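A structural walkthrough
Below are the chains, spelled out letter by letter.
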Amino acid sequence: MTTPAHTLPHHPIAIVGAGLGGLALTRVLHVHGIEAAVFDLDPSPAARTQGGMLDIHDDSGQEALRAARLHEAFLARVHVGGEATRVLDQDATVRLEEPDDGTRGRPEIDRGDLRDLLLDSLPQGTVRWGVKVTGARPLGAGRHEVTLADGNAFTTDVLVGADGAWSRIRPLLSSAQPAYTGVSFVEADLLEADARHPGSARVVGGGMLFALGAGRGFLAHRESDGSLHVYAAVEAPEDWLDGIDFTDTEAAEAAVLKEFDGWDDSLKALVTDADGALVPRRIHALPVGHRWDRVPGVTLLGDAAHLMSPFAGEGANLALLDGAELGLALAAHPGDTEAALAAYEERMFPRAEFSASESARSAAMLFRADAPQGLLDMFAADHG
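Being a predicted model, the structure only gives us computed values, none of them experimental.

Cut-offs and rules
Residues numbered from 1 in each chain as written. Predicted model: local features only at pLDDT ≥ 70, side-chain atom pairs only at ≥ 80, totals over all residues. Heavy atoms only, no water. Helix = DSSP H or I, 4+ residues; strand = E, 2+ residues; numbered from the N terminus. Buried < 20%, exposed > 50% of the residue type's maximum accessible area, 1.4 Å probe, protein only. 1 Å grid on protein atoms, 1.4 Å probe; cavity = no way out; pocket = protein on both sides within 12 Å on 5 of 7 lines; lining within 4 Å. Points joined across faces, edges and corners; volume = space filled by probe spheres on them. Nonpolar A, V, L, I, M, F, W, Y, C, P; charged D, E, K, R; others polar. Pairing = 2+ DSSP bridges.

A cis geometry characterises the amide bond from A371 onward to P372, with omega recorded as 10°. Within the element layout of this structure, P372 appears in the loop between α11 (337–366) and α12 (373–382). Despite not being glycine, A141 shows a phi value in the positive range, around 60°. Relative to the assigned elements, A141 resides in the loop between β8 (133–140) and β9 (143–148). Owing to a relative accessible area of 85%, A141 belongs among the exposed residues under this scheme. We note that E192 has phi near 45°; this positive angle belongs to a residue other than glycine.

Here you go:
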């Protein structure tokens, strides 16, 4: 028997997803004295590692942190030296080396540290952990009923899908689905790199490494704990990863390195020296320019709204900015949710379209036939 909507728990603002965007929104609302309920399917904030380093841009992610009144606390947590960049070719010849001189405006921070900063700034109990949203339906007048995997449900006046690539809220607004971009990653971690993997530590350097060739490359960065996080990137059919047994790490390493035949051994060691299992990941994206008509009482932010490939470094920054701007819009239009959501979407759509097209262009540039020349040309133009 279905519980009548009027007897269900009610949350004036419900945010699905406690990633960076959802938390930035919640924090900005809190700063303005507005309460929101956040629901996340992870059983706890420590349930899984949050991924590697993020470069937080001064004109987007840092703007969001200023709106959240967390910018000073953020600066205290950045990874000093993390903006250093090295570009190598497949022979491990250094084609470009840039130190981190502190002037580049994109300081690096561990994603988990940034998430903790946002979480710790919220009142206890704001995030309901271990809650899996399965769907939502409109009730009229902008209200929605949200259903949960445990059979429970709640209603809300403002529903925000901050629930990532495979959002359960997106179908209320759009039939779009993420599509495979043609690039697959295999991720690896090398722990205590300076002591245990000195060769790889030297190859990666103090910040970010791009070792590129036609249709493939190694992307890696040094994390604040001294480990290296490595992405072996391959332009490949969507089913390429299905043919690799990732439960057998040795066999998986061999299968991945078959794609890097002829590459320098110091680069291949970024995979063969991995501590622990290799992790496969296909890169998906929503269509460039994804948008929807205004639907009363609901919107999306971050990857739920504009999932893009990671090759322009924009995903986390846009999620933060989306969250902050949505929070500011709701605070600026008390009692007029529709004006707030329309104002937010009007700014978000063109910004996301620009960044998504940049990301797609960067992916093509990084792995083109004469790689790493495209990236070298881009750096030269930036410094021109």
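Attention now goes to the layout of surface pockets. Considering only enclosed or pocket space, the second largest pocket measures out at about 210 Å³ in volume. Along the walls of the second largest pocket sit 15 residues, with I34, E35, A36, A37 and T126 positioned nearest its centre. Counting only elements with at least two residues in the lining of the second largest pocket, the list comes to β1 (10–16) and α1 (20–31). Looking at the lining of the second largest pocket residue by residue, the classes come out as 6 nonpolar, 7 polar and 2 charged.

Burial analysis of strand β10 (residues 153–161) places 8 of its 9 residues in the buried class, the great majority of the element. Direction of pairing for β1 relative to β10: parallel, over a ladder of 6 bridges. Bridge assignment links I15 to a residue of β10, and that residue is V160. In the sheet, β9 pairs with β10 via 4 bridges, with the strands oriented antiparallel. Bridge pairing in β10 places E145 opposite T155. Between β9 and β10, which pair antiparallel one after the other, the connecting turn spans 4 residues, and G151 there sits at a positive phi close to 95°.

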